[in-house]
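Close look at the chain arrangement
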Amino acid sequence: MNTVDVKVEILAALRETLSPQLHSAPVLQCFIDDFADCKITMPAPQAPTQPGLPDAVAEYLPDLTATMSVQPLAQVFKFFFPQVSWYQIFRGNSTPAAFNQGLVAAQLVGGNGLFHTETLYLGLFLMAPNVTYPLHQHAATELYYVLSGSVDIRHGRSAKARHLGKDDFSITVPHQVHELQTNTQPCLMAYIWTDDLTPQNWWWEQLVDGSWERLCWARTPAGDWSMLRREPLSDAEIARAGDG
């Protein structure tokens with residue numbers, strides 16, 4: 001399948017899946033439009049950065065696939081399951097092994113995708129059961145669309161979590177702090193990052209004295225995150241995150 005056909009098929013799936021939700025979430029149109037405007041090419045061949053299939057994919061993807069959404073976007077992703085490269089988005093000793101193993105992703109379109117573009121990321125995000133992706137923020141506008149399973153997401157330190165099941169979605173505006181948590185079942189989501197793709201992911205962490213810091217993670221060329229530094233969480237950053 002050439003890149004023109006791929007773009008046409010994915011764009012049609014995005015429109016058919018998201019358009020019925022535009023009345024309640026008009027911002028979804030920006031994800032459709034940004035994908036329509038992106039230029040997709042074939043990436044240069046390269047060796048896998050994380051050889052082998054992550055354990056979470058081998059353990060949970062078969063059952064998640066069996067109960068997957070029948071929406072066109074889900075079916076497009078399902079077609080590419082055998083071709084995408086899955087990877088742990090966090091590695092190393094900065095985070096617990098169970099956390100690292102419980103968060104995996106595969107990029108379909110993007111800088112590290114099966115198909116290449118520089119202007120957005122579109123891919124899959126799998127969370128194992130009983131995993132918390134802690135409060136964090138980034139410059140991109142983000143869409144999560146649940147393909148199978150369920151997840152809780154909250155936007156803000158004091159906000160009530162919202163439960164997302166199959167075919168539910170969540171939109172995170174730039175710099176808004178948010179957290180994801182699974183319970184007894186895993187979750188498979190489609191994600192889109194658009195607008196500002198600055199490769200930084202800032203975690204918010206409360207210290208024992210009650211103060212807050214934020215930790216900067218930078219995206220590596222392989223697509224995963226590496227911790228760079230920490231700094232106090234300023235009032236200005238809290239205000240920018242809409243969490244004052």
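Before reading further, recall that the structure is shown in the block above.
As for the packing of helix H1 (residues 3-18) against helix H4 (residues 72-80)
- Here H1 crosses H4 at 145°, and the two axes come no closer than 7 Å. Residues Val6, Glu9, Ile10, Ala13, Leu14, Glu16 and Thr17 of H1 lie in contact with H4, whose contacting residues are Pro72, Leu73, Val76 and Phe80.
- In terms of residue class, the contact of H1 with H4 is made up of eight nonpolar, one polar and two charged.

As for the nonpolar core
- Counting residues in each nonpolar core, the largest one holds 43 residues, and the members touching the most others are Phe35, Trp86 and Leu122.
- With six residues, H1 is the largest single contributor of residues to this core.
- If you look at the next biggest cluster of nonpolar residues, it comprises 28 residues, including Val151, Ile153, Met189 and Tyr191.

With respect to the sheet that holds strand S7 (residues 151-155)
- Taken in spatial order, the seven strands line up as S8-S7-S10-S5-S12-S13-S14 in an open sheet, and their pairing is antiparallel. Since the sheet does not close on itself, it has two edges, and those belong to strand S8 (162-164) and strand S14 (225-232), each with one partner. On average, each strand axis in the sheet is tilted by 30° relative to the strand beside it, whichever way the strands run.

Description of the pairing of S14
- In the sheet, strand S13 (residues 212-219) pairs with S14 via seven bridges, with the strands oriented antiparallel. Along S14, the bridge assignment pairs Cys216 with Arg229.
- Here S13 hands over to S14 after five residues, with Gly223 in that stretch at a positive phi of 100°.

Things to note about the pattern of salt bridges
- Scanning the model with the defined rule gives eight salt bridges in all.
- Arg214 is paired through a salt bridge with Glu231; the nearest N and O atoms lie 2.9 Å apart. With Arg214 in strand S13 and Glu231 in strand S14, this pair connects stretches of sequence that are 17 residues apart.
- Judged by its relative accessible area of 26%, Glu231 falls in the partly exposed class.
- The salt bridge partner of Arg214 is Glu237, with a shortest N-O separation of 3.6 Å. Placement of Arg214 in strand S13 and of Glu237 in helix H6 (residues 235-240) is noted, with a sequence separation of 23 residues between them.

Some remarks on H4
- Those residues of H4 that sit buried are Pro72, Leu73, Ala74, Val76, Phe77 and Phe80.
- The secondary structure elements touched by the buried residues of H4 are H1, strand S2 (103-110), strand S3 (115-116), strand S4 (121-127), strand S6 (140-149) and strand S11 (187-195).

Regarding unusual backbone geometry
- Here Asn130, not a glycine, exhibits a phi torsion of approximately 60°, which is positive.
- As for its placement among the helices and strands, Asn130 is situated in the loop between S4 and strand S5 (132-137).
- The exposure class of Asn130 is exposed, given its relative accessible area of 59%.
- At Asp167, a position not held by glycine, the phi torsion is positive, near 75°.
- For Asp167, the location among the structural elements is in the loop between S8 and strand S9 (169-172).
- The exposure class assigned to Asp167 is partly exposed, which follows from its relative accessible area of 27%.

Rules used throughout
- Residues numbered from 1 in each chain as written.
- Predicted model: local features only at pLDDT ≥ 70, side-chain atom pairs only at ≥ 80, totals over all residues.
- Heavy atoms only, no water.
- Axes fitted to C-alpha atoms, helices over the stretch in contact; angles between N-to-C directions.
- Helix = DSSP H or I, 4+ residues; strand = E, 2+ residues; numbered from the N terminus.
- Contact = heavy atoms within 4.5 Å.
- Nonpolar A, V, L, I, M, F, W, Y, C, P; charged D, E, K, R; others polar.
- Core = buried A, V, L, I, M, F, W, Y, C linked by side-chain atoms within 4.5 Å.
- Buried < 20%, exposed > 50% of the residue type's maximum accessible area, 1.4 Å probe, protein only.
- Pairing = 2+ DSSP bridges.
- Salt bridge = Lys/Arg side-chain N within 4 Å of Asp/Glu carboxyl O.

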